[in-house]
Amino acid sequence: MTKRIGLTVLATTGLILTACGSENSDTGANTASPSPSTISPADMTDQQAPPNRLVIDVTIKGGEVTPTNAELEGKVKEPIVIRVNSDAADELHVHSNPEHTFKVEPKPAQSFQFTVDVPGRVAVELHELKRTIATIEVR
Ligand SMILES: [Cu+2]
């Protein structure tokens, strides 16, 4: 069900992008005035805030997971990093759209990064231990 919604959103975005590409080539060519483009560097940095990322530190030890059922917030297209220290192999599953699966190995300092394209609640699970590490509210 959710997958269908995601596909619709992507298709719509594609149409908008296509529409933007046409009709723009001739505007501004006959402007003799010295006034330059109105976009200043300050505006640009305002639009694109410094790269934000959500980092989740996870520890798997003796069959216990920390954290579990954490409630976090993230943003669409913004990197989400999961850092794992583990003493066991497991499978990290991110129920996003698109979804992501990462192989956890029994070693420290593993790092997995992904982005989420579609807003919603994204569960991050360990499939071997059957625990939910966190649910990320992606806007
Ligand atoms: Cu899963």
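Further up the page is the structure itself.
Residues numbered from 1 in each chain as written. Predicted model: local features only at pLDDT ≥ 70, side-chain atom pairs only at ≥ 80, totals over all residues. Heavy atoms only, no water.

1. Re the environment of arginine 139
Looking at the secondary structure, you find arginine 139 in the segment after strand S9 (131-138). Apart from residues lying up to four places away in sequence, arginine 139 is in contact with Glu73, Gly74, Lys75, Val76 and Pro119. One polar contact links arginine 139 to glutamate 73, side chain to side chain, over a distance of 3.4 Å. (Helix = DSSP H or I, 4+ residues; strand = E, 2+ residues; numbered from the N terminus. Contact = heavy atoms within 4.5 Å. Polar contact = N/O pair within 3.5 Å; in protein donor to acceptor, adjacent residues only side chain to side chain.)

2. Concerning the side chain of glutamate 78
With respect to the helices, strands and loops of the structure, glutamate 78 is situated in the loop between strand S3 (70-74) and strand S4 (80-86). This buried residue, glutamate 78, is left without a salt bridge; lysine 75 holds the nearest opposite charge, at 4.4 Å. (Buried < 20%, exposed > 50% of the residue type's maximum accessible area, 1.4 Å probe, protein only. Lys, Arg positive; Asp, Glu negative; His and termini not counted. Salt bridge = Lys/Arg side-chain N within 4 Å of Asp/Glu carboxyl O.)

3. Observations concerning the coordination of the copper ion
All of the protein donors around the copper ion are His93 (ND1), His95 (NE2), Glu125 (OE) and His127 (NE2); their distances to the metal are 1.9 to 2.5 Å. If you look at the copper ion, its four donor atoms make angles of 79 to 162° with each other, and the shape they trace is square planar. Counting gaps between the donor residues of the copper ion yields the pattern H-x1-H-x29-E-x1-H. With a relative accessible area of 35%, histidine 95 lands in the partly exposed category. (Donors = N, O, S within 2.8 Å, 3.2 Å for Na, K, Ca; no water. Tetrahedral: all angles 85-135°; square planar, octahedral: opposite > 155°, others 65-115°.)

4. Regarding unusual backbone geometry
Looking along the chain, the bond that leaves threonine 66 and enters proline 67 is cis, with omega of -5°. Note on placement: proline 67 falls in the loop between strand S2 (64-66) and S3. Phi is positive for asparagine 69, close to 55°, though the residue is something other than glycine. Positionally, asparagine 69 belongs in the loop between S2 and S3. Residue classification places asparagine 69 among the exposed positions, given a relative accessible area of 54%. Positive phi outside glycine occurs at alanine 109, with the angle close to 55°. With respect to the element layout, alanine 109 can be found in the loop between strand S6 (100-104) and strand S7 (110-114). Owing to a relative accessible area of 69%, alanine 109 belongs among the exposed residues under this scheme.

5. Points about the pattern of salt bridges
Two side chains of opposite charge can pair, provided their charged atoms sit close to one another. If you walk through the whole model with that rule in mind, you get five salt bridges. Two residues, arginine 121 and glutamate 71, come together in a salt bridge whose shortest N-O distance is 3.4 Å. On the criterion of sequence distance, the pair formed by arginine 121 in strand S8 (residues 120-126) and glutamate 71 in strand S3 is long-range, its members being 50 residues apart. For glutamate 71, a relative accessible area of 56% translates into the label exposed. Arginine 121 serves as the salt-bridge partner of glutamate 137, at 3.1 Å between the closest nitrogen and oxygen. Here the residue glutamate 137 occupies a position in strand S9, and arginine 121 occupies one in strand S8, the gap between them amounting to 16 residues. Relative accessible area serves as the criterion here: at 48%, arginine 121 is assigned to the partly exposed category. Taken together, the salt bridges that share partners define one network made up of Glu71, Arg121 and Glu137.

6. Points about the pairing of S9
The side chains of a regular strand alternate, residue by residue, between the two faces of the sheet. Where S3 and S9 come together, five bridges link them in parallel fashion. In the sheet register, glutamate 71 faces S9, and the bridge partner there is threonine 135. Pairing analysis gives seven bridges linking S8 to S9, with the strands arranged antiparallel. Each bridged residue has a counterpart across the sheet, and for glycine 120 the counterpart in S9 is valine 138. In textbook terms, the turn of a hairpin is the stretch between consecutive antiparallel strands, and for S8 and S9 this stretch comprises four residues, one of which, lysine 130, has a positive phi near 55°. (Pairing = 2+ DSSP bridges.)

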